[in-house]
Amino acid sequence: MAPTVHENLAYQRKQSEQKPDEWLLEQGLEPAKLGLRNQSDVKINLDSPQTADPNETELKLQENAEPDDPDFVVTEEREGWKGYVEWEDYPEKKARARKRFSRYKFPPPPEFQLAPVPPTNPVLEGVRWKLWHKALGGALEDVPEESWRTVLKEKHPGMLHLLQFPYNGEAPKGLLIQQPVTPNELHFVRNHGGIPDIDPAKFDLRIDGLVNNPQRLTLADLQDETKFPRVSKLVTIQCSGTRRFEQIQEYAGEGDEMINAPWAEGAIGTAKWTGVSLKKVIKYCGGLKDGGKHLEFYGAETYFKGGELMNYVVSVPWSKVKANEVLLAWEMNDKPLPRIHGFPLRAVVMGYIGARSVKWLYRVKALAQPSRAPVQSREYLYYQQQYGKHNQLPHLGIQIQEMPVSSAIMTPWQKEVVVHNGHIEVTGWAYSGGGRWPERVEVSPDGGWAWYQVPLENLSPKHKWTWRTWKVSVPCDQEGWTQLVVRCWDNSLNTQPMEVRQSWNWGLHVTSSCHRIKIYSVNASRPATRRRLEEFEEHKESFLPITRPTEYRTQSLEEYNKIWATMEPRDVDD
């Protein structure tokens, strides 16, 4: 058998000096730079088809690109609908857009799993997605800049911007659970395209497909209480990517074209949503025809996948709608929907993955089967752990609908030094989807051996479709590195897997395992520890970083000898 790539590299290295990064590569500290160790008899292609510079920010043509179609101009679809282009009704327009795309070299998606996560805010810019819009031009060319202006206008200045465009952002831990109901400006946002600007006076909702009486309903129609009873519900919406960063730290996974943002614990929020039950709207349209079993939702943003353009389309089963668990909402926390959250109308699908709660909703279509649109059929799939890059077939993945039970620690923070008096104050949130709710929350101060229940009075009020925020003081006698762990039990006695690996999946969705936070415990209730802390203060010695050696001598030679005089010998003679 011919020598492998690694064998050849090993021989070459023996003939030369060691590389400066050799130790980092050997220890897996720069895995993005590692090659492939091929121990099979299969030839593996390592040549990337991507020809663009990953750092390129300007639009570049392919060599020998076909001439552009000057007659293809992306225009606004409707008066008063800025940033909306209809793709689903016009397959020929999709084909022309795909042909225009093929003329350009687009940089690859950024690598942030095997390579370091950038220490910036926004963390990732989304150059690739900006260039897609620039390549199309016309009505979509300025959408990235317009969308960012909306972010800055409508979101809290403390937001963590994980992806500038399309916008993905979460509230920092210090702000997320200050209130059980999340303020609009702090509610997380997971967008798949630009933010349309729709005049509510020009808006209507199209209801068609397998309904007996297709309709176009204006916002005024939907808000007419003589036709539709108004409903308000407290509902938590959670992205399937919440706590994704824990899966990434364990093992790298899918780096999709539509980037799987490195979400922390903030891709979740609770709001009071006001609107009308979709069931009532379908009833107003004469109900479903025989065979109608799913409702397909269309969002007005433009979405990209594999060189194709489309509107954002997903579906939910009629059984969910029939149970009055899908709301068409125009208010968020008693205010008109912010533009970034779907103004003038969005879906709120209670207890389901956030991806089903479509923003800028403009069409509901009744179907006989789940949507075949890419978001529903090829994305948001939960694969078995051994399915990965080479064998993930969409039919093998479970379409994620109801969210499982989950929880998270908000304070303390990962790897924080905590000085305490024998008890550690811990705060966080807990949630379960599908109409279930957190019934019990438990926190362990020692990695999961002993568990302490959060007192019921320290949990926020119980609601069918919402999270519960919590706080607890747990005893912690031990010092040094320890691990805080939280787990939730819902009302059906579902609980969480103990380790990240047990819920890891290639798509990096639904980190439902117990949330673990490593902290360095300093128990000041111990007299010896208290004296040592006072010594640090007396010597004006910083206690941080804990890895730095102590500058002052902690024990004189005289003290050392005096203590040894009272102790048994260090060694024995026989």
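Residues numbered from 1 in each chain as written. Predicted model: local features only at pLDDT ≥ 70, side-chain atom pairs only at ≥ 80, totals over all residues. Heavy atoms only, no water.

Under an unreviewed UniProt entry, the protein chain has the name Molybdopterin binding oxidoreductase and belongs to Coniochaeta hoffmannii. Listed in UniProt under the heading Cofactor (unreviewed entry), the comment for the protein chain reads: "Mo-molybdopterin". (UniProt positions renumbered as here; feature names shortened; annotations may be inferred.)

**A word on the pairing of strand 13 (residues 308–317)**
With respect to burial, strand 13 is a largely interior element, 9 of its 10 residues being buried. Relative to strand 13, strand 12 (residues 294–305) runs antiparallel, the two being bridged by 10 bridges. Across the sheet, the residue bridging to tyrosine 303 is methionine 310, located in strand 13. Hairpin remark: strand 12 followed by strand 13, antiparallel, with 2 residues in the connecting loop; positive phi at glycine 306, about 55 degrees. (Buried < 20%, exposed > 50% of the residue type's maximum accessible area, 1.4 Å probe, protein only. Helix = DSSP H or I, 4+ residues; strand = E, 2+ residues; numbered from the N terminus. Pairing = 2+ DSSP bridges.)

**Let's talk about the packing of aromatic side chains**
For any pair of aromatic rings, the description consists of the separation of the ring centres together with the inter-plane angle of the planes. Under the counting rule described, the total for this entry stands at 24 aromatic pairs. Aromatic pair tryptophan 81 and tyrosine 362: ring centres 6.4 Å apart, planes at 85 degrees, arrangement edge-to-face. Of the two residues, tryptophan 81 is situated in strand 2 (residues 81–82) and tyrosine 362 in strand 17 (residues 361–367); the sequence distance between them amounts to 281 residues. Classification of tyrosine 362 by relative accessible area gives buried; the value is 4%. Here tryptophan 481 and tyrosine 520 contribute two aromatic rings whose centre-to-centre distance is 5.4 Å and whose plane-to-plane angle is 75 degrees, an arrangement assigned as edge-to-face. Within this pair, whereas tryptophan 481 is found in strand 26 (residues 480–490), its partner tyrosine 520 is found in strand 27 (residues 515–523), the two being separated by 39 residues in sequence. (Phe/Tyr/Trp six-rings, centres within 6.5 Å; stacked < 30°, edge-to-face > 60°.)

**Here we look at a nonpolar patch on the surface**
Where nonpolar side chains cluster on the molecular surface, the patch consists of Leu557, Tyr560, Ile563, Trp564 and Met567 and spans about 480 Å² of accessible area. Mapped onto the elements of the fold, methionine 567 is located in the segment after helix 13 (557–564). (Patch = residues over 30% accessible without salt bridge, like charges linked within 9 Å, V, L, I, M, F, W, Y side chains within 5 Å. Areas by Shrake-Rupley, 256 points an atom, 1.4 Å probe, with all protein chains shown as cover. Salt bridge = Lys/Arg side-chain N within 4 Å of Asp/Glu carboxyl O.)

**Some words on the nonpolar core**
Ranked by internal contacts, the top residues of the largest apolar core, which has 115 residues, are Leu136, Trp273, Leu278, Leu295 and Phe297. When residues no more than four places from it in sequence are discounted, the contact partners of leucine 278 are Leu295, Phe297, Val321, Val326, Leu328 and Val364. Residues Val441, Val454, Trp470 and Val474 belong to the second largest nonpolar core, which totals 19 residues. (Core = buried A, V, L, I, M, F, W, Y, C linked by side-chain atoms within 4.5 Å. Contact = heavy atoms within 4.5 Å.)

**Some details on the state of the cysteines**
Taken as a whole, this structure holds 0 disulfides when the rule is applied. The thiol of cysteine 488 is not disulfide-bonded; the next cysteine sulfur, from cysteine 514, is found 9.8 Å away. Among the residues examined, cysteine 488 registers a relative accessible area of 0% and is labelled buried. (Disulfide = S-S within 2.5 Å.)

**Digging into the sheet that holds strand 5 (residues 168–170)**
Spatially, 4-5-6 is the arrangement adopted by the 3 strands of the open sheet, whose pairing is antiparallel. The open sheet has two free edges, formed respectively by strand 4 (160–163) and strand 6 (189–190), since each of these has just one partner strand. One ladder, built from 3 bridges, connects strand 4 with strand 5; its direction is antiparallel. Opposite histidine 161, over in strand 5, you have glycine 169 as the bridge partner.

**Overview of the sheet that holds strand 21 (residues 416–420)**
Sheet strands pair via backbone hydrogen bonds, and the direction of the pair is either parallel or antiparallel. Here 5 strands make up an open sheet; going across it, the order is 21-27-26-23-24 and the pairing mixed. Strands with a single pairing partner mark the edges of an open sheet, and in this sheet they are strand 21 and strand 24 (452–453). Examined bridge by bridge, strand 23 (residues 438–444) and strand 24 share 2 bridges and lie antiparallel to one another. Residue pairing for strand 24: glutamate 442 is matched across the bridge by glutamine 453.

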